[in-house]
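Understanding the architecture of this molecule
As a plain string of letters, each chain reads:
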Amino acid sequence: MILRRFRPEDLPEIADLFSDTIHRVNCRDYTPEQIRVLAAARDRLAGNPDFFLSLYTIVAVKRGKIAGYGNIDDTGYLDHLYIHSDFQGQGIATAICQELERYAFSQHAPKITVHASITARPFFEKRGYRVLREQQVERQGVLLTNYEMEKA
């Protein structure tokens, strides 16, 4: 596996990975209506390379395919961490998250924060994050549960 910085030409594959992961992985924890709303962000992401370029975005490539990606800002807010459904459980999320945390702490972020999905919460807890609060976020009139978490 290779970890590298995001390139604009990655965008179509990343947008598909984002949608696929929500439909095939997050579906364990969210209703079909919630999945529809979560995956609706795919088109917004596909047309917005500046979003990925404005953050420290890392892409994991395995067997010539983007297996996952994640990004974080200089303050330590970890925004995205998505692993393709075909590459779950192979340590890719751990490798990406380690690099994102390393970067944020090198920028003197005092802590890492994330709004973790129900699906991602156990992953972050195993990495030493603690839940600050459960929250309900409204998107397109649909409530979604996630967890505000942090790691000092």
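In what follows, the structure referred to is the one given above.
An account of the accompanying structure is given in this report. These numbers come from a predicted model, not from an experiment.

**What to know about the packing of aromatic side chains**
- In the structure shown here, the tally under the stated rule is 8 aromatic pairs.
- Taken together, a centroid distance of 3.9 Å and an interplanar angle of 10° make the contact between Tyr56 and Tyr103 stacked. Taken together, the residues Tyr56 in strand β2 (residues 56-62) and Tyr103 in helix α5 (residues 92-106) connect sequence positions 47 residues apart.
- Residue Tyr56 is classed as buried on the basis of its relative accessible area, which comes to 10%.

**Focus on the environment of Gly128**
- Considering the arrangement of structural elements, one finds Gly128 in the loop between α6 (121-126) and β6 (130-139).
- When the C-alpha positions of Gly128 and Glu150 are compared, they lie 8.4 Å apart, and in sequence the two are 22 residues distant.
- Setting aside residues no more than four positions away along its own chain, Gly128 makes contact with Glu150 and Lys151.

**Description of the nonpolar core**
- Of all hydrophobic cores here, the largest spans 24 residues; its most connected members are Ile72, Leu78, Leu81, Ile96, Phe124 and Tyr129.
- Among the elements of the structure, β2, β3 (65-72), β4 (77-83), α5, β5 (112-117) and β7 (142-151) are those that each provide at least two residues to this core.
- Here the element with the most residues in this core is α5; it accounts for 7 residues.
- Apart from residues lying up to four places away in sequence, Phe124 is in contact with Leu78, Leu81, Cys97, Val114, Ala116, Tyr129 and Met149.

**Considerations on the sheet that holds β7**
- Spatially, the 7 strands line up as an open sheet ordered β1-β2-β3-β4-β5-β7-β6, and their pairing is mixed. Each edge of the open sheet carries a strand with a single partner, namely β1 (2-5) and β6. Mean inter-strand twist for the sheet, computed between neighbouring axes without regard to direction, equals 25°.
- Examined bridge by bridge, β1 and β2 share 4 bridges and lie antiparallel to one another. By the bridge assignment, Arg4 is partnered in β2 with Val59.
- Together, β2, β3 and β4 form the strand contacts of helix α1 (residues 11-24), whose direction differs from that of β3 by roughly 90°.
- Along the sheet, α5 contacts β1, β2, β3, β4, β5 and β7; its crossing angle with β2, the most-contacted strand, is approximately 155°.

What counts, and where the lines are drawn
Residues numbered from 1 in each chain as written. Predicted model: local features only at pLDDT ≥ 70, side-chain atom pairs only at ≥ 80, totals over all residues. Heavy atoms only, no water. Phe/Tyr/Trp six-rings, centres within 6.5 Å; stacked < 30°, edge-to-face > 60°. Helix = DSSP H or I, 4+ residues; strand = E, 2+ residues; numbered from the N terminus. Buried < 20%, exposed > 50% of the residue type's maximum accessible area, 1.4 Å probe, protein only. Contact = heavy atoms within 4.5 Å. Core = buried A, V, L, I, M, F, W, Y, C linked by side-chain atoms within 4.5 Å. Pairing = 2+ DSSP bridges. Axes fitted to C-alpha atoms, helices over the stretch in contact; angles between N-to-C directions.

These figures capture arrangement, not role.
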